[in-house]
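# Structure at a glance
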Amino acid sequence: MPLLEPREGVPPVLTGAAELERVIAAFAAGTGPVAVDAERASGYRYGQRAYLIQLRRAGAGTALIDPIELPDLSGLDAVLADTEMVLHAANQDLPCLAEVGLVPRTLFDTELAGRLLGYPRVGLGSMVENVLGFVLEKGHSAADWSTRPLPEDWLRYAALDVELLVELRDALHDELEAAGKLEWALEEFATILTTPPKPPRADPWRRTSGIHRVRNRRALATVRELWETRDTIARERDLSPGRVLQDAAIIELAQRAPRTPADLQALPTMRGRGARRHSSAWLRAVARARELTDRGLPEPTVPGDGPPPAHRWADRDPEAAKRLTAARAVVAGLAEEHSMPSENLVQPDFVRRLAWSPPDEASASAIGAALRGLGARRWQVELTAQPLARAFLRLETKEDL
């Protein structure tokens, strides 16, 4: 059944302090969990700030809040401090919610619940359709939510995103309980709230799409200079970096190293108006890279803090390669048995690190301690430590023979 209209209609967007105070009072008097969602302007604006926040609670209805006009929601957060917040794919929205002072103390993530239950598609629309039987219109998920005023049909879409989120939570809670997975889910939700954000990457420019085609250090330096120049312009203009200069253009500029405006404008990736607007900045960036001494050039690769890429293991450490194959087979089998993706049973990075640097003793207690040290949750250790220990012990026994 298509869900076309919120039950109470599309609420107005809150932009004033008095309106917010009334919503705070209404949500304080409401009951049960609070459905929360946020709309960003990914691909349009710099960063991941929220441009619309939607909330719904029984007894309070739905509220749409403009966090640009109302950037401090700590008063709302205070009255909801003891209330479970329901989000879909919480990791995407928690940072932008924290920026305006909304910080869940108790969480239910409907997307993660769907993964643990083995649903093949865990987008909000798919989950609402498969669990509750309603079809959500998802046509505005990639819209520019920094637009003002927001169109009425966008606001309807946003309100519908939280319309059935608590009902979805209740249905998934019951399914988790029936499957014996509720405690696993609660542990996962708590971990989301207590895990600190990842520190910024040391060399974020190395993630430029297509950088594997850049073959020498001078060209890598050009990528770095262009990336940093683009980032500065994007931040100053509050634009997504890709709208200032696409990654493909950075790679082409690094490979061709143009010297003149004519050289630059002749490149296929520089024919768009946005790329040409800052052509002098791109030429200066290329020139800076050209003038660097060899000592100032970046290394082709930087050492990571983990194992090397798995495809190199067979040559570098054949025993580790065998352990990785065995461990992956164990995790895949257990994931199938418990109807969930392997990466939710135990993180692939944990499996690689364990196989590369196993404990001295191939016992369940030693393997479990190693997994806990890597960050695996209690339920993950309980499911995987013993089977992994048996697999590693079998390999050791064969080698002894």
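Preceding block: the structure.
The following refers to the structure shown. (Residues numbered from 1 in each chain as written. Predicted model: local features only at pLDDT ≥ 70, side-chain atom pairs only at ≥ 80, totals over all residues. Heavy atoms only, no water.)

Now for the pattern of salt bridges. For the structure on display, the rule yields 23 salt bridges. Here Asp 231 and Arg 235 are joined by a salt bridge, their closest N and O atoms 2.7 Å apart. Pair noted here: Asp 231 and Arg 235 are both in helix 9 (residues 217–237), with a separation of four residues, about one helical turn. Of the charged contacts in the structure, one is a salt bridge between Asp 349 and Arg 353, with a shortest N-O distance of 2.7 Å. Here Arg 353 and Asp 349 lie together in helix 18 (residues 348–356), a separation of four residues that amounts to about one turn. For Arg 353, a relative accessible area of 22% puts it in the partly exposed group. One salt-bridge network, held together by shared partners, links Arg 7, Glu 8, Arg 56, Glu 163 and Glu 167. (Salt bridge = Lys/Arg side-chain N within 4 Å of Asp/Glu carboxyl O. Helix = DSSP H or I, 4+ residues; strand = E, 2+ residues; numbered from the N terminus. Buried < 20%, exposed > 50% of the residue type's maximum accessible area, 1.4 Å probe, protein only.)

A general tendency of soluble globular proteins is for nonpolar side chains to be buried together. Counting residues in each nonpolar core, the largest one holds 84 residues, and the members touching the most others are Ile 53, Leu 55, Leu 172 and Leu 371. Residues contacting Leu 55, with those up to four places away along its chain left out, are Phe 27, Val 34, Ala 35, Val 36, Gly 61, Thr 62, Ala 63, Ile 65, Leu 76, Leu 80, Leu 102 and Val 162. Of all hydrophobic cores here, the second largest spans 27 residues; its members include Val 223, Ala 234, Leu 253 and Leu 267. (Core = buried A, V, L, I, M, F, W, Y, C linked by side-chain atoms within 4.5 Å. Contact = heavy atoms within 4.5 Å.)

On to the packing of helix 18 against helix 19 (residues 364–374), then. Remark: helix 18 packs on helix 19, axes separated minimally by 10 Å, with the N-to-C direction vectors making an angle of 130°. Classed by the angle they form, the pair helix 18 and helix 19 counts as oblique. Here helix 18 and helix 19 pass one another in a crossing that is right-handed. Residues Phe 350, Arg 353 and Leu 354 of helix 18 form the contact with helix 19, whose participating residues are Ile 367, Ala 370, Leu 371 and Leu 374. Residues of the contact of helix 18 with helix 19, tallied by class, amount to six nonpolar, no polar and one charged. (Axes fitted to C-alpha atoms, helices over the stretch in contact; angles between N-to-C directions. Parallel < 35°, antiparallel > 145°, perpendicular 65-115°, else oblique. Left-handed = near helix turned anticlockwise from the far one by under 90°. Nonpolar A, V, L, I, M, F, W, Y, C, P; charged D, E, K, R; others polar.)

This part is about helix 5 (residues 124–132). For helix 5, every residue scored as buried is listed here: Leu 124, Gly 125, Ser 126, Met 127, Val 128 and Val 131. Buried-residue contacts for helix 5 involve helix 4 (110–116), helix 6 (152–163) and helix 7 (165–178). Downstream of helix 5 by one or two residues, Gly 133 has phi in the positive range, about 85°.

A few words on the packing of aromatic side chains. Taken as a whole, this structure holds five aromatic pairs when the rule is applied. Between Phe 108 and Phe 189, the aromatic rings sit 4.9 Å apart at their centres with planes inclined by 55°, giving tilted as the arrangement. Within this pair, whereas Phe 108 is found in strand 6 (residues 106–109), its partner Phe 189 is found in helix 8 (residues 182–194), the two being separated by 81 residues in sequence. Each of the two residues, Phe 108 as well as Phe 189, counts as buried. Through pairs of rings, three or more aromatic residues link up here, namely Trp 145, Trp 154 and Tyr 157. (Phe/Tyr/Trp six-rings, centres within 6.5 Å; stacked < 30°, edge-to-face > 60°.)

It is worth spelling out empty space enclosed by the protein at this point. Evaluated as defined, the whole model comprises one cavity of 30 Å³ or more. Estimated volume of the largest cavity: approximately 30 Å³. Val 36, Asp 37, Leu 87, His 88, Asp 93, Leu 124, Asp 161 and Leu 165 together form the lining of the largest cavity. Looking at the lining of the largest cavity, its residues break down into four nonpolar, one polar and three charged. (1 Å grid on protein atoms, 1.4 Å probe; cavity = no way out; pocket = protein on both sides within 12 Å on 5 of 7 lines; lining within 4 Å. Points joined across faces, edges and corners; volume = space filled by probe spheres on them.)

With that out of the way, let us pick up a positive patch on the surface. Taken together, the side chains of Arg 237, Arg 273, Arg 276 and Arg 277 present a region of like positive charge at the surface. Counting residues per element, the positive patch draws most heavily on helix 13 (residues 273–277), which supplies three residues. For Arg 237, a relative accessible area of 37% puts it in the partly exposed group. (Patch = residues over 30% accessible without salt bridge, like charges linked within 9 Å, V, L, I, M, F, W, Y side chains within 5 Å. Areas by Shrake-Rupley, 256 points an atom, 1.4 Å probe, with all protein chains shown as cover. Lys, Arg positive; Asp, Glu negative; His and termini not counted. Charge placed at Lys NZ, Arg CZ, Asp CG, Glu CD.)

This brings us to the side chain of Glu 252. Checked against the element boundaries, Glu 252 lands in helix 11 (residues 247–256). Ignoring any residue separated from it by four or fewer positions in sequence, one finds Glu 252 in contact with Ala 257, Leu 267, Pro 268 and Thr 269.

Attention now moves to the environment of Ala 219. Checked against the element boundaries, Ala 219 lands in helix 9. Judged by its relative accessible area of 6%, Ala 219 is buried. For Ala 219 and Pro 120, which are 99 residues apart along the polypeptide, the C-alpha to C-alpha distance reads 42 Å.

The next thing to look at is the environment of Ala 281. The topology assignment puts Ala 281 in helix 14 (residues 279–291). The sequence separation of Ala 281 and Ala 185 amounts to 96 residues, and the corresponding C-alpha distance is 50 Å. Apart from the residues within four sequence positions on either side, Ala 281 is in contact with Thr 229 and Ile 233.

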